[in-house]
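Chain residues, written in single-letter form:
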Amino acid sequence: MFEKILIENQVKNYEIVKNIQQRLSVESEWIDSYQDYFSKVRKPYLHKRKRLNLFLAKREKGFIKTAPDAYGKEGGEHYYFSHSFNCIFECEYCYLQDSFRSPDIVLFVNHHDYLDAIEEKLVCGSSDNAIWMHAGEYSDSLALSGLTREWQQYFDLFSKYPHSRLELRTKSASLQYLKKCKPNKQTVLSFSISPHEIASSVDRKTPPVASRLKAMRTLKNLGFSVAIHLDPVVYHDRLAELYRELASQVYEQVGVGVEYVSVGVVRFPSHLYREVARNYPDSIIHTQPFLKSKDGMRRYPKVLRNRMLKSVRDAFLNQGFPESIMYDCMED
Amino acid sequence: MVERLKIFIHAVAEFIGGSVVRVLVFAYRGEAQAFMSGYKLSKELNDLYIKDSHHSDDPAIFFSKEGVESTLYKMTLLMQKFPNINEIINLGIVGGLNKSLKPLDIIEVQTSYCHIEGQSTRHQSFVLSSNKDYPYTCMTSHLRVFETEQKEYLSKFADVVDRELWAIGYVMAKYPKVSLKSVKCIADASEDPLECKEIIVNAKRYSEALKEYYLKNFDKGSPSKNQGEMFVITQSQSVLYRKYKAKLLIDWGENQMSVREQGFLNSLPSKMHSKQRIKPLLEWMEKKAYPELVELKEKAKAILKPLKSDQSSFSFDERLDHQTIDFKCQIRSKDDFNQLKETFNHFDYDKWLQFFGKA
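Criteria and thresholds
Residues numbered from 1 in each chain as written. Chains lettered and ligands numbered in written order. Predicted model: local features only at pLDDT ≥ 70, side-chain atom pairs only at ≥ 80, totals over all residues. Heavy atoms only, no water. Helix = DSSP H or I, 4+ residues; strand = E, 2+ residues; numbered from the N terminus. Contact = heavy atoms within 4.5 Å. Areas by Shrake-Rupley, 256 points an atom, 1.4 Å probe, with all protein chains shown as cover. Buried < 20%, exposed > 50% of the residue type's maximum accessible area, 1.4 Å probe, protein only. Axes fitted to C-alpha atoms, helices over the stretch in contact; angles between N-to-C directions. Parallel < 35°, antiparallel > 145°, perpendicular 65-115°, else oblique. Left-handed = near helix turned anticlockwise from the far one by under 90°. Nonpolar A, V, L, I, M, F, W, Y, C, P; charged D, E, K, R; others polar. pLDDT = per-residue confidence, 0-100. Core = buried A, V, L, I, M, F, W, Y, C linked by side-chain atoms within 4.5 Å. Buried area = accessible area lost by both parts, 1.4 Å probe. Salt bridge = Lys/Arg side-chain N within 4 Å of Asp/Glu carboxyl O. Polar contact = N/O pair within 3.5 Å; in protein donor to acceptor, adjacent residues only side chain to side chain. Pairing = 2+ DSSP bridges. Phe/Tyr/Trp six-rings, centres within 6.5 Å; stacked < 30°, edge-to-face > 60°. Lys NZ or Arg CZ within 6 Å of the ring centre and 35° of its normal. Lys, Arg positive; Asp, Glu negative; His and termini not counted.

### Remarks on the overall build of chain B
Here comes step 1: Per the secondary structure count, chain B includes 13 helices and 11 strands.
Here comes step 2: Within chain B, contacts between residues at least 6 apart in sequence are counted, and of these 68% link residues at least 24 apart.
Here comes step 3: A total accessible area of about 19,900 Å² is found for chain B, and carbon and sulfur atoms account for 51% of it.

### Side note on helix α5 (residues 165–172) of chain B
Here comes step 1: Across the 8 residues that make up α5(B), a large majority, 7, are buried.
Here comes step 2: Among all positions in α5(B), only Leu165(B), Trp166(B), Ala167(B), Ile168(B), Gly169(B), Val171(B) and Met172(B) are buried.

### Concerning the packing of helix α7 (residues 239–253) of chain A against helix α9 (residues 302–317) of chain A
All names here are of chain A.
Here comes step 1: Two elements in contact, α7 and α9, have axes whose closest approach is 8 Å; the angle formed by their N-to-C orientations is 30 degrees. In this view, α7 runs roughly parallel relative to α9, as classed from their interaxial angle. In the crossing of α7 with α9, the sense of the turn from one axis to the other is right-handed. The residues of α9 that touch α7, namely those facing Leu239, Ala240, Tyr243, Arg244, Leu246, Ala247 and Val250, are Met308, Ser311, Val312, Ala315 and Phe316.
Here comes step 2: When the residues that make up the contact of α7 with α9 are grouped by side-chain class, the tally is 10 nonpolar, 1 polar and 1 charged.

### Some remarks on the confidence of the model for chain A
Caution applies to low-pLDDT parts of the model: their predicted coordinates are not meant to be read in detail.
Here comes step 1: Mean pLDDT over chain A stands at 92; residues scoring 70 or higher make up 98%.
Here comes step 2: Element-level mean pLDDT values for chain A span from 86 in strand β16 (residues 291–292) of chain A up to 98 in strand β8 (residues 105–108) of chain A.

### Some words on the nonpolar core
Here comes step 1: Membership of the largest hydrophobic core comes to 130 residues, with the highest contact counts inside it found for Leu230(A) and Phe316(A).
Here comes step 2: Among the elements that make up this core, the one with the highest residue count is α9(A) (7 residues).
Here comes step 3: Leaving out residues up to four positions away in the same chain, Phe316(A) has contacts with Ile228(A), Leu230(A), Tyr243(A), Leu246(A), Ala247(A), Val250(A), Val261(A), Phe321(A) and Met326(A).
Here comes step 4: In this structure, Val23(B), Ala60(B), Ile107(B) and Val160(B) belong to the second largest nonpolar core, which totals 27 residues.

### Some details on the interface of chain B and chain A
One frequently used descriptor of interface size is the decrease in accessible area upon assembly of the parts.
Here comes step 1: On the side of chain A, 38 residues touch chain B, which itself brings 41 residues to the contact.
Here comes step 2: Among the residues chain B hides against chain A, the three largest losses belong to His123(B), Lys156(B) and Glu292(B). Together they make up 20% of the total.
Here comes step 3: Run the count over chain B and chain A and you get 7 salt bridges.
Here comes step 4: Across the pair Asp133(B) and Lys50(A) runs a salt bridge, and its minimum N-O distance is 3.4 Å.
Here comes step 5: Linking chain B with chain A are 22 residue pairs in polar contact (both at pLDDT 80 or more), by the criterion used here.

### Some details on the sheet that holds strand β13 (residues 225–233) of chain A
Residue and element names in this part refer to chain A.
Here comes step 1: Reading across the sheet, the 8 strands line up as β4-β5-β9-β10-β11-β13-β14-β18 and stay open at both edges, with mixed pairing between neighbours. Two strands close off the open sheet at either side, each with one partner strand: β4 (64–66) and β18 (326–328). Shown here is a sheet whose adjacent strand axes are inclined to one another by a mean of 25 degrees, direction ignored.
Here comes step 2: As defined by bridge partners, strand β14 (residues 261–265) adjoins β18 across 3 bridges and the pair is classed as parallel. Bridge assignment links Val261 to a residue of β18, and that residue is Met326.
Here comes step 3: Against the sheet, helix α4 (residues 151–159) engages β5 (77–81), β9 (131–135), β10 (164–170) and β11 (187–192), with an angle of about 155 degrees to β10.

### Observations regarding the side chain of Thr137(B)
Here comes step 1: By the secondary structure assignment, Thr137(B) is in strand β7 (residues 136–141).
Here comes step 2: The exposure class of Thr137(B) is buried, given its relative accessible area of 2%.
Here comes step 3: Excluding residues that lie within four positions of it along the chain, Thr137(B) makes contacts with His47(A), Arg51(A), Val109(B), Thr111(B), Tyr113(B), Phe157(B), Ala158(B), Asp159(B) and Val160(B).

### Brief notes about the packing of α9(A) against helix α11 (residues 291–304) of chain B
Here comes step 1: Following both chains from N to C, one finds α9(A) and α11(B) inclined at 115 degrees, their axes separated by 10 Å at the closest point. The chirality of how α9(A) crosses α11(B) is right-handed. Contact residues: α9(A) offers Val303(A), Leu304(A) and Arg307(A), while α11(B) offers Glu292(B), Leu293(B), Glu295(B) and Leu296(B).
Here comes step 2: Within the contact of α9(A) with α11(B), the residues separate by chemical class into 4 nonpolar, no polar and 3 charged.

### Notes on the sheet that holds strand β2 (residues 28–31) of chain A
All names here are of chain A.
Here comes step 1: The strand order across the open sheet built from 5 strands is β2-β1-β3-β8-β6, with neighbouring strands paired in mixed fashion. This sheet does not close on itself; its edge strands, each paired only once, are β2 and β6 (84–85).
Here comes step 2: Alignment of strand β1 (residues 4–8) against β2, held across 4 bridges, turns out to be parallel. Each residue of the ladder has a partner; that of Leu6, found in β2, is Glu29.
Here comes step 3: Sitting on the sheet, helix α1 (residues 15–23) is in contact with β1, β2, β3 (53–57) and β8, with an inclination near 160 degrees to β3.

### As for the packing of aromatic side chains
Residues and elements named next belong to chain A.
Here comes step 1: Across all of its chains, the model carries 43 aromatic pairs over all chains by this definition.
Here comes step 2: With a centroid separation of 5.6 Å and an interplanar angle of 5 degrees, the aromatic rings of Phe81 and Tyr154 are classed as stacked. Here Phe81 is found in strand β5, whereas its partner Tyr154 is found in helix α4, with 73 residues between them in sequence.
Here comes step 3: Residue Phe81 is classed as buried on the basis of its relative accessible area, which comes to 1%.
Here comes step 4: A network of ring pairs unites the aromatic residues Tyr34, Phe38, Phe55, Phe85, Phe100, Phe108 and Tyr138 as a single cluster.
Here comes step 5: Across from the ring centre of Trp30, 5.3 Å away, lies the NZ or CZ of Lys12, which sits over that ring.
Here comes step 6: The ring of Phe108 has Arg59 sitting right over it, with the charged end atom 5.2 Å from the ring centre.

### Focus: the side chain of Lys243(B)
Here comes step 1: Within the fold, Lys243(B) resides in helix α8 (residues 235–252).
Here comes step 2: Of the side chains bearing the opposite charge, Glu286(B) lies closest to the buried Lys243(B), which forms no salt bridge; the N-O distance is 8.4 Å.
Here comes step 3: Not counting residues within four places of it along the chain, the set of residues in contact with Lys243(B) comprises His286(A), Thr287(A), Gln288(A), Pro289(A), Phe290(A) and Tyr290(B).

### Observations concerning the environment of Tyr214(B)
Residue and element names in this part refer to chain B.
Here comes step 1: Note on placement: Tyr214 falls in helix α7 (residues 203–217).
Here comes step 2: When the C-alpha positions of Tyr214 and Val183 are compared, they lie 8.2 Å apart, and in sequence the two are 31 residues distant.
Here comes step 3: Beyond its immediate sequence surroundings of up to four residues, Tyr214 is in contact with Arg22, Leu24, Phe35, Tyr39, Pro59, Ile89, Leu91 and Asp219.

### What about the confidence of the model for chain B?
Residue and element names in this part refer to chain B.
Here comes step 1: On average, residues of chain B score 84 in pLDDT, and 84% of them are at 70 or above.
Here comes step 2: Looking over chain B, one finds the lowest element-wise mean pLDDT in helix α1 (residues 2–17), namely 51, and the highest in α5, namely 97.
Here comes step 3: Here the predicted complex carries an ipTM of 0.84, next to a pTM of 0.87.

This is how it looks when you write it as structure tokens:
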């Protein structure tokens, strides 16, 4: 998976660093700061296939940020935190193609600093004002959890604050580590899924949708809360039919008892769209009926977008998912 | 003498006006010596050696000289003077940074970076064409790299270090239709650096290694020109045509696409010339590629139909993104006014809003 591990001198004695080194039989090199190397040159995105490096570093500031409107389910205060940059999966529409100048993975290992910053916010929560912390903005929350094994300490923190919620967004089906963790009511594991016919085309190197659904079922049985992100929805001539099939599969595997179902259509800022064209010139993304909207985004026309969202929502509503748990993600 | 001059002028003319031209770019003559002795090339023309026989397929050879600035200048001149160049292959020797590379190893570079000095790099990088699986990277340094500490730093980014490639990439980025490749021979390993004198002494060996690799992998004819579009169409029509075609190729496959497209074109009146054919073709392709979108457009037109009369007309956003209706009317008399009132009475604006998901 990784060609090299580059470790900051200031974290070399961290327990988590030693454990990661042991689990990966890859050459380690010592550096002063990951910022001396990461994103200093524009490393082609597709180098992640054969020339991916791993940085282990300490984050100094900016542990949590306020989430934009419509990021999460309505209600409460929403924040996000990123203790890693970049992702081992490869989805053709992914905004990470344009987020950094390099696809190398950076893992920030000073979790105690993250936990302190998060707790400062959590103490302000109440029954009228839940505090949401979302992970997975710049990476997949669980893809490397078997390697890093950091989440239990977060679960323990959130279990102390009944009005807090921790959302981990993922496409992973890897449960080795999570099976050993103690679930709590505050943690929501939300899985991004789409119909197999679309996912097999655009979600490269991700676990099949069937595996993700199976993982959701297992986690639910273990006592975890799960949620669904139907995001991004990519146009297909048989969209309604494909999502009806997906809704049926979700119902069979997981049931309707999920925290929420969010729906969002695919959209691209212009510069990201150029990267997609460069990296995946044969992608079905380029056959989509996009237009350029006022804010410079490539989006579906409003009428088509509404129809798509309705088809997807209806597919799940008709399967018995309550309307109260459905919301549109990042939609104006 | 006159004959020789005629051949030379012909060669230059063909180089300028010829169909496909490949240029091998080296920094120094020492690197190119095995190539120079192998090909029949005419006298230099601003560091450019071109074939002196119009029957020969030998590539041209160009010397960019050492360093980023010199290479930028010379490559810019080359591409401006000879716009028919179709392919650039940079060949030369490099210092090894990747410990797995040994002297005389040959690699094809896929990505080029640039180092300025100290711990300063340029963000911009260039990706080159390569048939090889493993994406080797090259750091072009503004200054010669001798210090071990410097090599250690650069080895975190790239496999090899040279003085020209990034500059070639910088110029060639302005010519996206020209293929750019780079083949490098390792002169010294990362842990065993050679002095410049030793590199010069060994230049012939490096050059021969490059020539052998070139003949084995590249000397199989030049790339062919683009076929060009079937129709004479505008840029925006061309974008639409390619998009619809890409979608229909997925839906139908290549054979069906070809048959159906030709079938439609044959159904058009024979009097139509090619410029007139493109509009109905695009409409037909859109209907087949995005039937739902076309159906929605028809629905929008049907909702707005009551607004059309002898005195009025309308237009709307056919992209179906905004609900704004542009309405034009002429009121010359009371009758016209009453007619207009009737027109609006028959128009269901709530239905229009519902169509946009606003109701």
